[in-house]
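Observations on the three-dimensional arrangement
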Amino acid sequence: MPNWEGIEDAATMLPRIWLTRAKDGDVWKPLRKIDCKALNESRGEEVLIEGGRATADPKNSTIRYNFLTNRPSTQLLPATWFTKEEKNPKNQKEFVLKPLPEVDSWQVELLYQNAVRASSSLGEGLDDILKEEIILQSESDCKVCVVRNGGSGQLCMRKKPTKSNLFGFGEVQSTLQRGYGQYT
């Protein structure tokens, strides 16, 4: 099985990470792990989070604070796949994770699982998978494909524009990340 770049959670059944932000344009931040577990087990019902200080409502995608009544509600979003975007072009180790919408995450997950199966001992090999592309439903001008990195030989999921120029020079590409990674 080949090595993968951007696979932070290799679990067969990938858990949803729940994220919050105060308003559009803010960076999405993950909820505590215990709160994510509670939301994943809730079947869409409201859940007390942050030790009872707030209530998460997955149906309405909001979090409201129980004791600070003057604090506005915040946005709530589940995610399994993320786009890694450089925070600072000069320092490529600093990046921001932007969640892919669930409708796109399902498509990306299916492509990833097909690539894992194809590269397994009894798989058909990666040649056909490396030619596959999926068009994102939320961004019809973008596609996702499995790419083999030149130097390292690692595989990764890459988001690219559907219309590319000659040899892809100057086009913005983003690596996708499966799972949020380690956080407290």
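Chains are numbered independently. Their residues run from 1 in the order of the written sequence. Local features are withheld for residues below a pLDDT of 70 in this predicted model, meaning they are given only at 70 or higher, and side-chain atom pairs are given and counted only at 80 or more; totals for whole chains, interfaces and linings count all residues. Hydrogens are left out, water is left out, and the side-chain values use all remaining heavy atoms of the structure.

Between its first and last C-alpha, helix α2 (residues 102-118) extends 24 Å over 17 residues, near the 24 Å set by a 1.5 Å rise per residue. Within α2 the residues assigned to the buried category are D104, S105, V108, E109, L111, Y112, Q113, A115, V116 and A118. Strands are runs of DSSP state E lasting at least 2 residues, helices are runs of H or I lasting at least 4, and numbering of each runs from the N terminus. Multiplying 1.5 Å by the residue count of a helix minus one yields the expected span of that helix. Only protein chains enter the area calculation, which uses a 1.4 Å probe; residues under 20% of their type maximum are buried, those over 50% are exposed, and those in between are partly exposed.

Let us look at the sheet that holds strand β5 (residues 62-65). Whether two strands pair depends on DSSP finding at least two bridges between them. Read from one edge of the open sheet, 6 strands run β2-β1-β6-β5-β4-β3, paired in antiparallel fashion. Two strands lie at the open edges of the sheet, namely β2 (29-30) and β3 (47-49), each paired on one side alone. Where strand β1 (residues 17-21) lies against β2, 2 bridges are found, and the strand directions are antiparallel. What sits directly across from T20, in β2, is K29.

Among the residues making up helix α1 (residues 33-41), those that are buried are D35, C36 and L39. The buried residues of α1 occupy an angular sector of 100° when projected down its axis, which confines them to one face. Away from its buried face, by an angle of more than 90 degrees, α1 presents the exposed residues I34, K37 and E41. Contacts made by the buried residues of α1 are with β1, β3, β4 (54-57) and β6 (74-79). Following α1 by one or two positions, R43 adopts a phi angle in the positive range, close to 60°. Within this analysis, the arc is defined by the directions that extend from the helix axis to the C-beta atoms. Whether two residues are in contact is decided by their heavy atoms, any of which lying within 4.5 Å being enough.

Relative to the helices and strands, K159 resides in strand β11 (residues 155-161). Judged by relative accessible area, which is 11%, K159 ranks as buried. Those residues in contact with K159 that sit more than four places away from it in its chain are T83, L136, E139, C142, K143, V144, V172, Q173, S174 and L176.

Any link to function would need more than the numbers given here.
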